[in-house]
Amino acid sequence: KAAQPAAFATIPDASAEPVVTEQAITIGGSTLAYTAEAGMLPLINDDGSPRASIFYVAYTVPTEGRTASRPLVFCFNGGPGASAVWLHLGGLGPRRALVNPDGSLPPPPFQVVPNEQTILPFADLVFIDPVSTGFSRAAKDEKASQFYGKNPDIEAMAEFVRLYT
């Protein structure tokens, strides 16, 4: 049997440990250190079985030595079909996709550059992919359609926020 290309790699479930890296961005001549975390958070049924694995990317600024906590902004598009990638790389995150001055895309290869307009200096950021977007998926024995629609989408995102915090 031939090996599958990387494009068909298995999406991790929520049992995988988050990947955490230390990063920094220079904004207005000042360097801001931050932690980037990519992971999966499970949504759980009443019986303890998994309902879904929700993918997220969080950017947090260390608060050591500070007495005040930082605001936390959750960023997501509505699912199905709209992951948080364009909120992430299109405007709010510490890195952004490089576009031409008129907003069109330059020719490949595409680049990701520091985003000096990120709101990270003012608030920590958590980008969430609703079920069936990005890497977020319903659990093996669950129907993805249970997460579709205004109220199910709101309920799933509210549950993620509750579990994350």
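1. Quick look at the overall build of the protein
So, point 1. Counting secondary structure elements, the protein contains 2 helices and 8 strands.
So, point 2. In sequence order, the secondary structure elements of the protein are arranged as β-β-β-β-α-β-β-β-β-α.
So, point 3. The long-range fraction of contacts in the protein, counting pairs at least 24 apart against all pairs at least 6 apart in sequence, stands at 59%.
So, point 4. If you sum the accessible surface of the protein, you get close to 10,100 Å²; carbon and sulfur atoms cover 57% of it.

2. Details of the packing of aromatic side chains
So, point 1. Under the criterion given, the structure shown has 8 aromatic pairs.
So, point 2. Relative to Y59, the ring of Y34 has its centre 5.7 Å away and its plane inclined at 75°; by these criteria the two rings are edge-to-face. On the criterion of sequence distance, the pair formed by Y34 in strand 2 (residues 30–44) and Y59 in strand 3 (residues 50–60) is long-range, its members being 25 residues apart.
So, point 3. Taking relative accessible area as the criterion, Y59 reaches 9% and is therefore assigned buried.
So, point 4. Centre to centre, the rings of F74 and Y164 are 5.8 Å apart; their planes meet at 90°, and the pair counts as edge-to-face. Of this pair, F74 sits in strand 4 (residues 72–75) while Y164 is found in helix 2 (residues 150–164), placing the two residues 90 residues apart along the sequence.
So, point 5. Since its relative accessible area comes to 24%, Y164 is described here as partly exposed.

3. Topic: a nonpolar patch on the surface
So, point 1. Judged by side-chain polarity, V99, L105 and F110 come together as a nonpolar surface patch covering roughly 300 Å² of accessible area.
So, point 2. Judged by its relative accessible area of 36%, V99 falls in the partly exposed class.

4. Quick word on the nonpolar core
So, point 1. In this structure, L32, Y34, Y59, V61, L120, L125 and F127 are the most contacted members of the largest nonpolar core, which totals 14 residues.
So, point 2. Secondary-structure elements contributing two or more residues to this core are strand 2, strand 3 and strand 7 (124–128).
So, point 3. The greatest single-element share of this core, amounting to 4 residues, is contributed by strand 2.
So, point 4. Among the nonpolar cores identified, the runner-up in size contains 13 residues, and V126, I128, A156 and F160 belong to it.

5. Looking at helix 2
So, point 1. Compared with the 21 Å implied by 1.5 Å per residue over 15 residues, the 21 Å span of helix 2 between its first and last C-alpha is a close match.
So, point 2. Inspection of helix 2 places D153, A156, M157 and F160 among the buried residues, and these make up the whole buried set. Taken around the axis of helix 2, the buried residues stretch over an arc of 95°, which confines them to a single face. Facing away from the buried side of helix 2 by over 90 degrees, the exposed positions are K150, I154, E155 and R162.
So, point 3. Check the buried side of helix 2 and you find it contacts strand 2, strand 3, strand 4 and strand 7.

6. Brief notes about the environment of A58
So, point 1. Mapped onto the secondary structure, A58 falls in strand 3.
So, point 2. With relative accessibility at 2%, the residue A58 sits in the buried group.
So, point 3. Linking A58 and F127, residues 69 residues apart in sequence, is a C-alpha distance of 6.2 Å.
So, point 4. Residues in contact with A58, not counting those within four places in the same chain, are T35, A36, E37, L125, V126 and Y164.

7. Things to note about the confidence of the model for the protein
So, point 1. This prediction gives the protein a mean pLDDT of 87; 87% of its residues lie at or above 70.
So, point 2. Here helix 1 (residues 85–92) stands out as the element of the protein with the lowest mean pLDDT, 83, in contrast to strand 1 (residues 19–27), whose mean of 96 is the highest.

Cut-off values and rules
- Residues numbered from 1 in each chain as written.
- Predicted model: local features only at pLDDT ≥ 70, side-chain atom pairs only at ≥ 80, totals over all residues.
- Heavy atoms only, no water.
- Helix = DSSP H or I, 4+ residues; strand = E, 2+ residues; numbered from the N terminus.
- Contact = heavy atoms within 4.5 Å.
- Areas by Shrake-Rupley, 256 points an atom, 1.4 Å probe, with all protein chains shown as cover.
- Phe/Tyr/Trp six-rings, centres within 6.5 Å; stacked < 30°, edge-to-face > 60°.
- Buried < 20%, exposed > 50% of the residue type's maximum accessible area, 1.4 Å probe, protein only.
- Patch = residues over 30% accessible without salt bridge, like charges linked within 9 Å, V, L, I, M, F, W, Y side chains within 5 Å.
- Salt bridge = Lys/Arg side-chain N within 4 Å of Asp/Glu carboxyl O.
- Core = buried A, V, L, I, M, F, W, Y, C linked by side-chain atoms within 4.5 Å.
- Expected span 1.5 Å × (residues − 1).
- Arc of directions from axis to C-beta.
- pLDDT = per-residue confidence, 0-100.

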